[in-house]
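# Fold and geometry: a report
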Amino acid sequence: MIVADLELDLDVFQGPFDLLLALILREEVELAEVPIAEIIAAYVERAYERGELDLESASEFLVLVAALLEIKVRLLFPSDEEIEELTPEQAEAELFARLIEYRRFQGAAGWLRDRAAQTPRIFRIGPAPLAPPRPAPLVLEFSEDPWRLAEAVDTLLVPPPPIDVSSVRRPLVSVDVFLERFRSILRDRRGFAFDEAVHGLDRLSQAAAFLAVLELVKRGEVAGEQAETFGPIRVVAVGGAEQALA
Amino acid sequence: MSELTRSVEALLFISTEPLSLGELATLTEAPPERIERPLDALLDRYCEERSGVVLEKAAGGYGFRASPDTADVCARLMERPPARGLSQAALETLAIVAYLSPVSRPEIARIRGVASDSAVANLLERGLIEDAGRADTPGNPVVYRTTTVFRRTFGLEDEEALPALTQFELTESDHQALRARLHLVADQRAGQA
Amino acid sequence: MSELTRSVEALLFISTEPLSLGELATLTEAPPERIERPLDALLDRYCEERSGVVLEKAAGGYGFRASPDTADVCARLMERPPARGLSQAALETLAIVAYLSPVSRPEIARIRGVASDSAVANLLERGLIEDAGRADTPGNPVVYRTTTVFRRTFGLEDEEALPALTQFELTESDHQALRARLHLVADQRAGQA
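A brief structural summary. (Residues numbered from 1 in each chain as written. Chains lettered and ligands numbered in written order. Predicted model: local features only at pLDDT ≥ 70, side-chain atom pairs only at ≥ 80, totals over all residues. Heavy atoms only, no water.)

### A short note on helix α4 (residues 71-79) of chain C
Taken residue by residue, α4(C) has C:V73, C:C74, C:L77 and C:M78 as its buried positions. Angular distribution of buried residues about the axis of α4(C) spans 140°; they occupy a single face of the element. Those residues of α4(C) that are buried lie in contact with α1 (3-14) and α2 (21-28) of chain B together with β2 (61-66) of chain C. (Buried < 20%, exposed > 50% of the residue type's maximum accessible area, 1.4 Å probe, protein only. Helix = DSSP H or I, 4+ residues; strand = E, 2+ residues; numbered from the N terminus. Arc of directions from axis to C-beta. Contact = heavy atoms within 4.5 Å.)

What follows is the structure, encoded as structure tokens:
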């Protein structure tokens, strides 16, 4: 199973996984809003339906999801205190408590939905059509304290606490680096073999390189060629011929 | 119809927010107990059997709304009726704001397990929640609370009219099922490690 | 009362604008000539002798209004000073307009990190800010400044008399440096949300 064509149906996104990745990269979808558990569930379901799990695609998927997850955690919990080391028992208790709390609000959400469905309440929002005009506003001299204005702006001037990334064990690999690298290769050559381009790199870098290729495909700069399933991937510049002539 | 009843009817119609008995008394310069009869007469005139418009008690006062059988037609008049087509994410977010208000986006994200920015934006746009200042926590996030539109949309007299949150507590068997599922996941993980 | 009459009644009650016969026909999905009977029935039910709310044909269509004899009571409602003080959201928006004026709605939203449309509407209604033309930025948004009502309410002689900030030295006569700092902090906050 190719990870890229895993179809997703999420609250924030519907479509193939690779498109979701591309949108996250372009910051058109907020990573923080993507329920990663649902992506994993969809993947497992797909693998189960097919009755096979090939290691290559599964590890690619794991790396991608782990990277997404780590970045998402940084986004959601800027302060490191929230993610101290927990024992498995503590982690389970914590998870259990959170699930129970969440279930309560799910129940309340259901109650609200039923209530609105039972009796739809539509009312006028805004002034009556032929109401008398509002008179000029009443002025209450010196009724407000001007220091409250200064206080409000001062609050807006306090910078947020910095995000502590010291615990990120591996440096996050920038997709931009690979975008640049591939573009420069394609300035001299019509195409290149993906395996060769990422040879010797660690998994996370390979994943970033793959994301960079997806991004180039999305932007219409390159096309991927693969003669057979699991065969080597060749990345070819789109319109390379015209560029060579120019 | 008495003059007082006519006045109360006109006030309830032109007001943009529901009016309480006390407010109606002040505006009509009548003692509060004298407002009860006119209100009863109006509740009778504007009831579902007799009229396409219903007078009801909600959001701390009395207000008119469309009767349920005309709601579909009336919804066409609005760009986005407050309660139509709310997603599960939006409903959960709304429930959290209703019970925990004032509550910030990071707190909502913590409870739901995913950031809820688009749900919050959607609820703000529908006028169901509003910005209620900032929290004193680091980063001073904006906090939210529900609005009069929320209370009218769900027919709640006031904030206390929400059912107690404990009503949605899981039963003991739900607890056990949840725990069993957690264990299953943990075991699978341990088995693979 | 027929179903169509109920629908027309409800539509006219919840609309913020008078509705024409054509609009009522489109909304109820009935031919225009079938709207006339329900309108007649409603004109009869909502006439000055019978009701505090009167159906009237005005420019642009039909609409309900308070009957003339309730005008004094209704005027009292409209003149009522705003019930609540300034909300935290409104105060923050007002402070941004006061210190950075002229400032557009998109810029206020960017600095606050949250849409501020209702806060702006509330301040306009209270007469604390006013329209000051349009910005030269893309989309040419309307920009706002504070008013005489604002200066009288807060006891400020002129804009120079705004209180000093503790987080920023207000020395420049223009507010560009303060504006840049507010944008910077807002972007930092947005980057973390």
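### A short note on the sheet that holds strand β5 (residues 233-237) of chain A
Residue and element names in this part refer to chain A. Ordered in space as β3-β5-β4, the three strands form an open sheet in which the pairing is antiparallel. A single partner strand is all that each edge strand has here, and the edge strands are β3 (191-193) and β4 (222-226). This sheet shows a mean twist of 20° between the axes of neighbouring strands, independent of strand direction. Here three bridges tie β3 to β5, and the two strands are oriented antiparallel to one another. Following the sheet pairing, F192 is matched in β5 by V235. Helix α6 (residues 175-188) contacts β3, β4 and β5 of the sheet and is inclined by roughly 125° relative to β3. (Pairing = 2+ DSSP bridges. Axes fitted to C-alpha atoms, helices over the stretch in contact; angles between N-to-C directions.)

### Remarks on the interface of chain B and chain A
With 58 residues of chain B in contact, the opposing surface of chain A contributes 43 residues. Taking both sides of the interface into account, the surface hidden between chain B and chain A amounts to around 4,700 Å²; carbon and sulfur atoms contribute 67%. Along the contact surface separating chain B from chain A lie three salt bridges. Note that A:R121 and B:E56 form a salt bridge whose closest N and O atoms lie 3.1 Å from each other. Run the count over chain B and chain A and you get 12 residue pairs in polar contact (both at pLDDT 80 or more). Of all elements in the fold, only α1, β2 (61-66), α4 (71-75), α5 (88-100), α6 (105-112), α7 (117-125), α8 (148-153) and α9 (172-192) of chain B reach the threshold of two or more residues within the side of chain B that touches chain A. (Buried area = accessible area lost by both parts, 1.4 Å probe. Salt bridge = Lys/Arg side-chain N within 4 Å of Asp/Glu carboxyl O. Polar contact = N/O pair within 3.5 Å; in protein donor to acceptor, adjacent residues only side chain to side chain.)

### Observations concerning the pairing of strand β5 (residues 142-146) of chain B
Residues and elements named next belong to chain B. Taking burial as the measure, the five residues of β5 include four buried ones, the bulk of the element. In the sheet, strand β3 (residues 103-104) pairs with β5 via two bridges, with the strands oriented antiparallel. Each residue of the ladder has a partner; that of S104, found in β5, is V143. Here strand β4 (residues 129-134) pairs with β5 via four bridges, running antiparallel. Pairing of D131 across the sheet is with Y144, part of β5.

### Quick word on the interface of chain C and chain B
Across the contact, 42 residues belong to chain C and 41 residues belong to chain B. Carbon and sulfur atoms make up 57% of the surface buried where chain C meets chain B, a total of about 3,600 Å² over both sides. In this assembly, chain C and chain B are joined by six salt bridges. We note a salt bridge from C:R112 to B:D131, for which the minimum N-O separation is 2.6 Å. Linking chain C to chain B there are 17 residue pairs in polar contact (both at pLDDT 80 or more). Those elements giving two or more residues to the side of chain C that touches chain B turn out to be α1 (3-14), α2 (21-28), β2, α4 and α5 (88-100) of chain C. If you tally residues by element for the side of chain C that touches chain B, the top one is α1(C), at seven residues. Its residues assigned to classes, the side of chain C that touches chain B shows 17 nonpolar, 10 polar and 15 charged. (Nonpolar A, V, L, I, M, F, W, Y, C, P; charged D, E, K, R; others polar.)

### Some words on the packing of aromatic side chains
Applying the stated criterion across every chain yields a total of 14 aromatic pairs over all chains. Consider the rings of B:F64 and C:F13, whose centres lie 5.1 Å apart with planes at 70°: the pair is edge-to-face. With B:F64 in strand β2 and C:F13 in helix α1, this pair bridges two chains. We note that B:F64, like C:F13, is buried. With a centroid separation of 5.1 Å and 45° between ring planes, the pair formed by B:F150 and B:F154 is classed as tilted. Both residues of the pair, B:F150 and B:F154, count as buried. Within the aromatic cluster, the residues linked to one another by ring pairs are B:F13, B:Y46, B:F64, C:F13, C:Y46 and C:F64. Directly above the ring of A:F123 sits B:R152, whose terminal nitrogen or CZ lies 4.2 Å from the centroid. Its end group placed over the ring of B:Y46, C:R45 keeps NZ or CZ at 5.9 Å from the ring centre. (Phe/Tyr/Trp six-rings, centres within 6.5 Å; stacked < 30°, edge-to-face > 60°. Lys NZ or Arg CZ within 6 Å of the ring centre and 35° of its normal.)

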